[in-house]
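# Chain and residue survey
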Amino acid sequence: MTPTTALKEWPLWEVFVRSKQGLEHKHCGSLHAADAQQALQMARDVYTRRQEGVSIWVVPSATITASAPDDKAEFFEPAADKIYRHPTFYAIPDEVGHM
Amino acid sequence: MYTQALDLPDGRSGALKAVAPPADADQAALQARFDARIDADGRIEPQDWMPDGYRKTLVRQISQHAHSEIVGMLPEGNWISRAPSLKRKAILIAKVQDEGGHGLYLYSAAETLGTSREQMQDALHSGRAKYSSIFNYPTLNWADVGVIGWLVDGAAIMNQIPLCRCSYGPYARAMIRVCKEESFHQRQGYEALLVMMQGTAEQRAMVQDAVNRWWWKCLAMFGPPDAASEHSTQGMRWGIKRISNDDLRQRFVDATVPQAKVLGVTLPDPDLKWNEERQHHDYGAIDWDEFWSTVNGNGPCNKERLATRVKAHNDGQWVRDAALAHAQKQKARALKEAA
């Protein structure tokens, strides 16, 4: 059997699909492609074989900046004790009805 | 399409060792946080800390699953040019294309764990990595294509539905996508067999022959009995595996018996019968020696499948190189024009 020759890997792209007009693009997966055009074509073949989308974005994975999981406490905790930001924090008399 | 036994050790790696105790207090805290999240049925995402054993198990299981999807294109691919009608050909092409897509979703999920596509492909092509042994059997007649859809994909669905709740987020999300598409695979196979069963006596005999050859191999797809399954307990603890091999196998048998009746075929097991007390079907003993022999490389098609895959990969090298060269040229040109 012939051994596999060394493969130069194509860069990784993240794929976002808008399922229909009026909805946001949503992350649906990733794929390897040589360039943006090819990434779009492959994303169409891989992620929209059953009319799952009307628009696709592809973004080089390497360009995404993510929040670090270790900072989760400092980064997101400050919102935890601000329950007055939610409508249910406020008691309104029943006779007011829906507000 | 499939997993089988879900998590077999690869050629070199051997059995999974017990998880080593955390080295220091920091590690212990991380481990405790991980355990708490697993116990609360939470999800683990790529950036989260995870024990090495968890990561290794997932890389092995997800990559084996991906390899199975890719190699699984071959037995059915054999019949694309010989499908009995244009409609069946279009359906089969769509199904085989889906399998390629499933392989890609799964390779992508495995890559989030820090392994590369190249490493995984190399493991497959060099014969170190396992894939579902069901693909090491030949597809001898057109009814085999129907039976693969009905029984092999049916068994795969049974295995894969619980994986949609796997504790590792990217794997679970990939499986949700796969399961949505898999239902078409099973139904098209069953329907193709229904049509054959309305045909001539010879066509009906082809269906029965295919069922006879695939039935036991499908039961073996669920992996070794629980008592002999070395990875199952740890996999259950980690929320990777949700339902045991034997339980899944039983569900598959119970679901398939009425389908076989409607189709008008018999399942080739004299011991298969309803057990009123258990409220399940009893079934005969599986030939595990034959299963392990195939897993270990001695099935009828192991060498051919791997050789076909390696050839396809090597024959496609110039396409990958050309696409990369084109992309680099376009990039250089754009930079030059901007300057």
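Residues numbered from 1 in each chain as written. Chains lettered and ligands numbered in written order. Predicted model: local features only at pLDDT ≥ 70, side-chain atom pairs only at ≥ 80, totals over all residues. Heavy atoms only, no water.

Right, let's get into the confidence of the model for chain A. Here chain A shows a mean pLDDT of 88. Residues at 70 or above account for 93%. Confidence over residues 1–7 of chain A falls short of pLDDT 50; this stretch has 19 contacts with residues more than four positions distant or in other chains. (pLDDT = per-residue confidence, 0-100. Contact = heavy atoms within 4.5 Å.)

Further remarks concern the packing of helix H6 (residues 142–160) of chain B against helix H10 (residues 245–263) of chain B. Residues and elements named next belong to chain B. The geometry of H6 relative to H10 is characterised by a closest axis approach of 10 Å and an angle of 145° between their N-to-C directions. The chirality of how H6 crosses H10 is right-handed. Listed contacts from H10 to Trp 150, Leu 151, Gly 154, Ala 155, Met 158 and Asn 159 of H6 are Leu 248, Arg 251, Phe 252, Ala 255, Thr 256, Gln 259, Ala 260 and Leu 263. Residue composition of the contact of H6 with H10, by class: nine nonpolar, four polar and one charged. (Axes fitted to C-alpha atoms, helices over the stretch in contact; angles between N-to-C directions. Helix = DSSP H or I, 4+ residues; strand = E, 2+ residues; numbered from the N terminus. Left-handed = near helix turned anticlockwise from the far one by under 90°. Nonpolar A, V, L, I, M, F, W, Y, C, P; charged D, E, K, R; others polar.)

The next subject is helix H7 (residues 169–197) of chain B. Along an α-helix, residues three or four apart share an orientation, since each turn contains 3.6 residues. For H7 of chain B, which comprises 29 residues, the first-to-last C-alpha distance of 42 Å matches the rise-based estimate of 42 Å (1.5 Å per residue) to within 8%. A bend of about 30° at Glu 181 of chain B is the largest found in H7 of chain B. (Expected span 1.5 Å × (residues − 1). Bend = angle between axes of the 7 residues up to and from the residue.)

Okay, the pairing of strand S2 (residues 25–32) of chain A next. Residues and elements named next belong to chain A. Of all eight residues that make up S2, six are buried, and the element is covered over most of its length. The pairing of strand S1 (residues 12–18) with S2 spans seven bridges and is classified as antiparallel. The residue bridging Trp 13 from the neighbouring strand is Leu 31, located in S2. Where S1 folds back onto S2 in an antiparallel hairpin, the turn is made up of six residues, including Gly 22, whose phi is positive at roughly 100°. (Buried < 20%, exposed > 50% of the residue type's maximum accessible area, 1.4 Å probe, protein only. Pairing = 2+ DSSP bridges.)

Contact residues are listed per partner, giving 31 residues for chain B and 29 residues for chain A. For the pairing of chain B and chain A, the buried interface totals around 2,500 Å² over both sides, and the portion due to carbon and sulfur atoms is 50%. If you look at where chain B meets chain A, you find four salt bridges. In this structure, the salt-bridge partner of Glu 181 of chain B is Arg 49 of chain A, at a minimum N-O distance of 2.9 Å. Summed over the shared surface of chain B and chain A, the number is ten residue pairs in polar contact (both at pLDDT 80 or more). Secondary structure elements with two or more residues in the side of chain B that touches chain A: helix H4 (86–111), helix H5 (117–125), H7, helix H12 (302–315) and helix H13 (317–338) of chain B. Grouping the amino acids of the side of chain B that touches chain A by side-chain chemistry returns nine nonpolar, eleven polar and eleven charged. (Buried area = accessible area lost by both parts, 1.4 Å probe. Salt bridge = Lys/Arg side-chain N within 4 Å of Asp/Glu carboxyl O. Polar contact = N/O pair within 3.5 Å; in protein donor to acceptor, adjacent residues only side chain to side chain.)

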